[in-house]
Amino acid sequence: ETGVTQSPTHLIKTRGQQVTLRCSSQSGHNTVSWYQQALGQGPQFIFQYYREEENGRGNFPPRFSGLQFPNYSSELNVNALELDDSALYLCASSWRNEQFFGPGTRLTVL
Amino acid sequence: GQQVMQIPQYQHVQEGEDFTTYCNSSTTLSNIQWYKQRPGGHPVFLIQLVKSGEVKKQKRLTFQFGEAKKNSSLHITATQTTDVGTYFCAGPSNSGYALNFGKGTSLLVTP
C-alpha cells in the first residue's frame with residue numbers, strides 16, 4: 001500500500017453534471033498529481049499541485065480544476081461532464097521522482 | 001510534444017517463457033520509470049533508470065536504459081502467473097511536472 005487514499009472508489013454521473021474527487025497524499029509528500037486513465041490507455045497527466053499552487057497542467061480543458069489544501073490533500077473537480085470523461089482518475093503523491101499512486105476513482109458518465 | 005511508445009501492446013505467454021517489452025521516446029529522457037498495473041488495480045512503481053546504458057535487476061526482472069537515453073526495455077525471465085498485468089514505461093515531460101506514460105504492454109500468462 002502506498003498510503004495514498006482516494007474517494008469515492010466508484011461514481012456514476014450523467015452528462016452535464018459536476019463531480020468532485022478527493023485524494024489524501026502520503027504523509028510528508030507535498031506534491032500531488034492527477035491523472036486520467038481511459039480504458040486500455042496509459043495514465044494522462046491532468047495537473048500537479050505543489051504547496052497549494054497549480055504547478056503544471058496537461059492538455060485538459062478548464063472545466064477540469066483542482067485544489068490542494070494545507071494538509072496536502074487534494075480535490076479534482078470536473079464540470080459539465082461529458083461521456084468521454086468516463087475513466088479511472090488517479091492521484092499520485094511524489095517523493096523525488098517516484099510517484100505513489102492511489103487506488104483511483106472509477107467515474108462513469110451516462 | 002514528447003511521446004512515449006511501447007511495443008508490443010499485448011503479449012500472451014505460457015508460464016515459464018520469457019517476456020520483453022520495449023519503450024521508445026521521441027526525445028532524450030533524463031530518466032525512465034517502469035510501473036506495473038494489475039487488472040483492476042493502480043500503477044505501482046517498479047524502478048527508475050537514470051544513467052545511459054544502465055541495467056538493473058529485480059529478481060527475474062531486468063531493466064535496461066539505452067545509450068542514447070531514448071529507449072528502454074523490461075525483460076522477465078521464466079514468467080509466472082503473478083506477472084500478469086500491464087507494464088508501463090514513463091518519462092518526465094519537458095516541463096518536468098508530469099510523467100508521460102506509454103500505452104503499456106498487457107501481459108497474460110497461462111499455466
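See the structure shown above.
In what follows, the accompanying structure is described. Just so we're clear, the structure is a prediction, and the values are computed from it rather than from any experiment.

**Digging into the side chain of glutamine 6 of chain A**
All names here are of chain A.
- With respect to the helices and strands, the residue glutamine 6 is situated in strand E1 (residues 5-7).
- A distance of 3.0 Å separates a polar side-chain atom of glutamine 6 from the backbone oxygen of tyrosine 89.
- A distance of 2.9 Å separates a polar atom in the side chain of glutamine 6 from the backbone nitrogen of glycine 104.
- Here glutamine 6 is in contact with Arg22, Cys23, Trp34, Tyr89, Leu90, Cys91, Gly102, Pro103, Gly104 and Thr105, once residues within four sequence places are set aside.

**Topic: the sheet that holds strand E3 (residues 19-24) of chain A**
All names here are of chain A.
- Strand order across the open sheet formed by four strands is E1-E3-E8-E7, with antiparallel pairing between neighbours. The sheet is open, and its two edges are formed by E1 and strand E7 (64-68), each paired on a single side. In this sheet, adjacent strand axes meet at a mean angle of 20 degrees when their direction is disregarded.
- Pairing analysis gives five bridges linking E3 to strand E8 (residues 74-78), with the strands arranged antiparallel.

**Structural notes on the state of the cysteines**
- Counted by the stated rule, this structure contains two disulfides over all chains.
- The disulfide partner of cysteine 23 of chain A is cysteine 91 of chain A, and the gap between their sulfur atoms is 1.8 Å. Between cysteine 23 of chain A and cysteine 91 of chain A, the S-S torsion sits near 60 degrees, and that sign places the bridge as right-handed. Taken together, the positions of cysteine 23 of chain A in strand E3 and cysteine 91 of chain A in strand E9 (residues 87-95) put the pair 68 residues apart, joining distant regions of the chain. The same class applies to cysteine 23 of chain A as to cysteine 91 of chain A, namely buried.
- One disulfide bridge connects cysteine 23 of chain B with cysteine 89 of chain B, the sulfur atoms lying 2.0 Å from each other. Between cysteine 23 of chain B and cysteine 89 of chain B, the S-S torsion sits near 80 degrees, and that sign places the bridge as right-handed. Taken together, the residues cysteine 23 of chain B in strand E3 (residues 19-25) and cysteine 89 of chain B in strand E9 (residues 85-92) connect sequence positions 66 residues apart. An identical accessibility class is assigned to cysteine 23 of chain B and cysteine 89 of chain B; each is buried.

Each value, and the rule that gives it
- Note that residues are indexed from 1 along each chain, following the sequence as it is written.
- To read the labels, note that chains go from A and ligands from 1, taken in the order they are written.
- Side-chain atom pairs in this predicted model are given and counted only at pLDDT of 80 or more, local residue features only at pLDDT of at least 70, and totals for whole chains, interfaces and linings cover all residues.
- Side-chain metrics in this entry use all non-hydrogen atoms of the structure; hydrogen atoms and water are not considered.
- Helix and strand labels come from DSSP, where a helix needs a run of H or I of at least four residues and a strand needs a run of E of at least two; each type is numbered from the N terminus.
- Two N or O atoms count as a polar contact when they lie within 3.5 Å, although within protein this holds only if one can serve as hydrogen donor and the other as acceptor, and sequence-adjacent residues are included solely when both atoms are side-chain atoms.
- Throughout, a residue-residue contact means that at least one pair of heavy atoms, one from each residue, lies within 4.5 Å.
- By the convention used here, strands pair only if DSSP detects at least 2 bridges between them.
- Angles run from 0 to 180 degrees between N-to-C directions of axes, and those axes are lines fitted to C-alpha atoms, restricted for helices to the stretch in contact.
- A pair of sulfur atoms, both from cysteines and within 2.5 Å, is called a disulfide here.
- Remark: exposure states derive from per-residue accessible area (1.4 Å probe, protein chains only) relative to the maximum for the residue type, with buried under 20%, exposed over 50%, and partly exposed in between.

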